[in-house]
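Breakdown of the fold
Each chain is listed here by its residues.
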Amino acid sequence: MAAKTEKHSLVVMLCTMASRLLGIVKARVIATAFGSGAVGDVVNFTYNIPNNFRKLFAEGAMSSSFIPEFSREIGEGRKNDASTLMDLLFTWQLVLFLILDLLSIRFGGSLIWFFSDFSVEQVALGARLLPFFMVFLTAISLGTIFSGMLQVHGQFFASSFAPLVFSITTIVGISVFHEKLGPMSMAYSVTLGGILQLGFWYVWLRRLGYRLRLRLRFHGDAFPTVIRHWLAVLCSSLLQVAGQQVSYSLASQLEQGSVTAFSNATIFWQTPYGIFFTAISTVFFPLMSQSYARHDQQLLAKQVGTGLEYLATLLVPSTILLYCFSDSAVSSVLQSGAFTLQASMQTALVVRVFSLGMVAVAWYGFLQRFCYSAGRYRAALALSVLQTALDIAISVCGIHFGLGILSLPLANGLSFLCALAAVLWVMRDIYQIHHDLRLWKALAKVVAANIPVLLYCLFFWNLHLTYWQEGSSLKSFLATCLYGLVGVALVLASYILFRIPFMARFRSKQS
C-alpha cells in the first residue's frame, strides 16, 4: 500500500510540475502575442474572472466535498450509488453553468466595467472574450467531477494528465492563430482546450464502466450531504476570490501594464508553491481527517508538525532561488514580441515580493485544511474574512503611500502572515506550535542547510550579469536553467549533508 501511495504521489507531482511549466510557456505565448499594453491587460483581466471561479467549482470547495462521498460509497461496494451521485452533481453543475454562461453574454460588459478602470474599447473587447472563457470554466468544472471519480479509483495518471491537454491546445491555438484572430484566438483556444480536457476524463471513466446520465430529480442521501459540505467551504473560497478580484481591480487603476505584471508574477511564484504545496497537502489532508475521526490528537499534532516541516523544507530554498533568479527567469521566458524589458523587470520585481511570503501562505493553507479536518468550518470562515480584509486594507494603504503595484504582493504576504498567527491561536487546543520542539529543531536544520544556496545566490546577484536583458532566447533560457540547477544541486547536497528528514525518507524509499 505504501509503495502504491508513493507511486501515485510521484505521478501527481510530475504531472503538476509539467502543468506548471506549461503554464509558464502559456504565459509567454500570451505575453508575446498581446504584450503588456491595453489589449494584454484586458485579456489577462478577463481570463482571471473564470480562473477565480475555478476555486469554487473546479477545485477547492467542490472537490473537497464530493471526493470523500465517492470514496465512502465505492469503498462500501456501492458503485451504482457513486455513479448516481456523479450524475446528480454533473446535472446540477450543468444547469448552474448554463445560467452563468447566459448571464456572461448579457451582462459581461457591465461586469468588466464595474470591476475595472478600462476604456470603452477595452470593456467591449472583454465583453466579447468573457462568454468563451465562461464556457471553458463550465467544461473544466464539470470535468472535475470525473477527475474526482478517477482519483477514487486510483487512476491518478488520467486525472493529472488531462490539464496538460488543455495547456497544449491553448498554446498551439494562440501561437498559430493570434495574428489572424487577435485576442479571439485565446478565446477559441481555451474553449476547445477545456472541452478536450472534459472529454479526456470521460473517456477514461467509460473504461471503468461508468456511463453519464442527466438526472433532474435531485434526491438521495449523499447529494444533500455533498452540497452542505460544499456550502460550508464555499464562503471561505468566495472571500478569496473576491480578494483576488479586488487586487486585479486595484491593479487596473495603476499605470498601464500593472495588471499584466501582477498576473504573470502570480504564475511564476505559484509554480514552485503549487507543485510542493499540492504534493504535501494532498497527502496529509486525509491523514489528518482520519486521525481526528479516531480522536488520536497526539498523532494528529505530529502530522500537523510534520506537514509544516516538509513545506518549509521545500519552500525555503524555492523562495531563495526564485528571489535571486526572478529577473533572468521572467526575461528569458516572457521578454519577446510586444513584451519589453521594462515589462519583464516590473514583473520580476513583483515576483520577488511575492516570493517572500511563500512559506507563510503555504503554512496558512495547510493549517486551513487542518481546520477542515477537525470540523472547524466557522473558524476557517472567520480566518478567511480576516485575511481578505487585511489584504484589501494593506493594498489600499500601500497604493496610497506610493508603493504602486508592489502594494499587492506585499499585502498578500502580510495578510497571510497575520492569518497564520490567528489560525495557530484558534487551533491551539489541538496543536501548539511553540511546544513542538521537534518542528523547531527541524526548522533550524532547514535554515542552516540553506545557507550555502543563499551564499551562492548572493554571489550570483553581485556579479550583475546582464545576459537576460537581451530577452527570450535559447541562450538566455539555458543560462538561467544552468545557474538555477547549480543552486538546486547545492540545496540537495546540503540537505543530504545535514540529514534533513524529508530527503532521508526519500533516499530510504529509493534504496
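What counts and what doesn't
- Residues numbered from 1 in each chain as written.
- Predicted model: local features only at pLDDT ≥ 70, side-chain atom pairs only at ≥ 80, totals over all residues.
- Heavy atoms only, no water.
- Helix = DSSP H or I, 4+ residues; strand = E, 2+ residues; numbered from the N terminus.
- Rg over C-alpha atoms; globule rule 2.2 N^0.38 Å.
- Buried < 20%, exposed > 50% of the residue type's maximum accessible area, 1.4 Å probe, protein only.
- pLDDT = per-residue confidence, 0-100.
- Contact = heavy atoms within 4.5 Å.
- Phe/Tyr/Trp six-rings, centres within 6.5 Å; stacked < 30°, edge-to-face > 60°.
- Expected span 1.5 Å × (residues − 1).
- Patch = residues over 30% accessible without salt bridge, like charges linked within 9 Å, V, L, I, M, F, W, Y side chains within 5 Å.
- Areas by Shrake-Rupley, 256 points an atom, 1.4 Å probe, with all protein chains shown as cover.
- Salt bridge = Lys/Arg side-chain N within 4 Å of Asp/Glu carboxyl O.
- Core = buried A, V, L, I, M, F, W, Y, C linked by side-chain atoms within 4.5 Å.
- Axes fitted to C-alpha atoms, helices over the stretch in contact; angles between N-to-C directions.
- Left-handed = near helix turned anticlockwise from the far one by under 90°.
- Arc of directions from axis to C-beta.
- Lys, Arg positive; Asp, Glu negative; His and termini not counted.
- Polar contact = N/O pair within 3.5 Å; in protein donor to acceptor, adjacent residues only side chain to side chain.

1. Looking at the overall build of the chain
- Broken down by element type, the chain carries 19 helices and 0 strands.
- For 511 residues, the compact-globule estimate of 2.2 N^0.38 gives 24 Å, and the chain sits close to it at 23 Å.
- On the principal axes, the C-alpha backbone points of the chain span a range of 60 × 60 × 45 Å.
- Within the span of the chain, comprising 511 residues, buried residues form 53% of the whole.

2. Things to note about the confidence of the model for the chain
- For the chain, per-residue confidence averages 85 on the pLDDT scale, and 91% of positions sit at 70 or higher.
- The lowest-confidence element of the chain is helix α19 (residues 501–510), averaging 51 in pLDDT; the highest-confidence one is helix α15 (residues 407–426), averaging 96.
- Every residue in residues 505–511 scores below 50 in pLDDT, and together they form 3 contacts with partners more than four places removed in sequence or on other chains.

3. So, the packing of aromatic side chains
- Using the criterion set out here, one finds 22 aromatic pairs in the structure.
- Ring plane angle 25° and centroid distance 5.7 Å describe the contact between Tyr-47 and Phe-136, whose orientation is recorded as stacked. In this pair, Tyr-47 sits in helix α2 (residues 38–57) while Phe-136 sits in helix α5 (residues 120–152), placing the two residues 89 residues apart along the sequence.
- The class for Tyr-47 is buried, based on a relative accessible area of 9%.
- Accessibility expressed as a relative area gives 0% for Phe-136, which makes it buried.

4. Some words on unusual backbone geometry
- Positive phi outside glycine occurs at His-464, with the angle close to 55°.
- Mapping His-464 onto the fold places it in the loop between α17 (451–462) and α18 (474–497).
- A positive phi is found at Arg-499, a non-glycine position, where the angle reads about 55°.
- Position of Arg-499 relative to the elements: it lies in the loop between α18 and α19.

5. Section: helix α14 (residues 377–400)
- Here α14 spans 35 Å end to end across 24 residues, near enough to the 34 Å set by a 1.5 Å rise per residue.
- Within α14, the full set of buried residues consists of Ala-380, Leu-383, Ser-384, Gln-387, Thr-388, Asp-391, Ser-395 and Gly-398.
- Close packing links the buried residues of α14 with α8 (222–252), α13 (358–373) and α15.
- The positive-phi residue at the C-terminal boundary of α14 is Gly-402, with phi of around 85°.

6. What to know about a nonpolar patch on the surface
- Together, Ile-168, Val-172, Val-176, Phe-177, Leu-181 and Tyr-188 make up a nonpolar patch on the protein surface, roughly 530 Å² of accessible area in all.
- Looking at which element gives the most residues to the nonpolar patch, the answer is helix α6 (residues 156–181), with 5 residues.
- Judged by relative accessible area, Phe-177 falls into the partly exposed class, the value being 42%.

7. Points about the nonpolar core
- In terms of nonpolar packing, the biggest core is built from 96 residues, with Met-186, Val-304, Leu-308, Phe-366, Leu-367, Phe-370 and Tyr-431 touching the most fellow members.
- The greatest single-element share of this core, amounting to 12 residues, is contributed by helix α9 (residues 258–293).
- Ignoring sequence-local partners within four residues, the contact set of Met-186 consists of Ile-30, Phe-34, Val-43, Tyr-47, Phe-133 and Ile-174.
- Membership of the second largest hydrophobic core comes to 28 residues, among which are Phe-66, Met-149, Tyr-210 and Trp-230.

8. Quick notes on the environment of Ala-489
- Tracing the backbone through its elements, the reader meets Ala-489 in helix α18.
- Residue classification places Ala-489 among the partly exposed residues on the basis of a relative accessible area of 43%.
- Along the backbone, Ala-489 and Glu-255 are 234 residues apart, and their C-alpha atoms lie at a distance of 40 Å.

9. Some thoughts on the packing of α13 against α15
- Relative to each other, α13 and α15 sit at 35°, their axes nearing to 9 Å. Viewed along their axes, α13 and α15 form a crossing whose handedness is left-handed. Judged by residue contacts, Ala-360, Val-361, Trp-363, Tyr-364, Leu-367 and Cys-371 of α13 engage Asn-412, Phe-416, Leu-417, Ala-419, Leu-420, Val-423 and Leu-424 from α15.

10. Details of the pattern of salt bridges
- Under the defined criterion, the tally for this structure stands at 4 salt bridges.
- Asp-327 is the partner of Arg-352 in a salt bridge, and the nearest nitrogen-oxygen pair spans 3.2 Å. Of the two residues, Arg-352 sits in helix α12 (residues 341–356) while Asp-327 sits in helix α11 (residues 326–334), which places them 25 residues apart along the sequence. No difference in accessibility class separates Arg-352 from Asp-327, as the two residues are buried.
- Here Asp-429 and Arg-376 are joined by a salt bridge, their closest N and O atoms 2.7 Å apart. A residue pair is termed long-range when its members are at least 10 positions apart, and Asp-429 in the loop between α15 and α16 (437–449) and Arg-376 in the loop between α13 and α14 qualify at 53 residues.
- With a relative accessible area of 47%, Asp-429 lands in the partly exposed category.
- When its relative accessible area of 21% is taken as the criterion, Arg-376 is described as partly exposed.

11. Remarks on α17
- The end-to-end C-alpha separation of α17 is 17 Å, in line with the 16 Å expected for 12 residues at 1.5 Å each.
- Within α17, burial applies to Val-453, Tyr-456, Cys-457 and Phe-460. When α17 is viewed along its axis, its buried side chains cluster within an angular range of 100° and face the same direction. Counted as exposed and oriented over 90 degrees from the buried face of α17: Leu-455, Phe-459 and Asn-462.
- For α17, the elements touching its buried residues are α10 (297–324) and α18.
- Of the residues flanking the end of α17, it is His-464, one or two places downstream, whose phi is positive at about 55°.

12. Concerning the side chain of Asp-41
- Locating Asp-41 in the fold gives a position in helix α2.
- Lys-26 provides the closest opposite charge to the buried, salt-bridge-free Asp-41, at an N-O distance of 17 Å.
- Polar side-chain contacts of Asp-41 include one of 3.3 Å to the backbone nitrogen of Gly-257.

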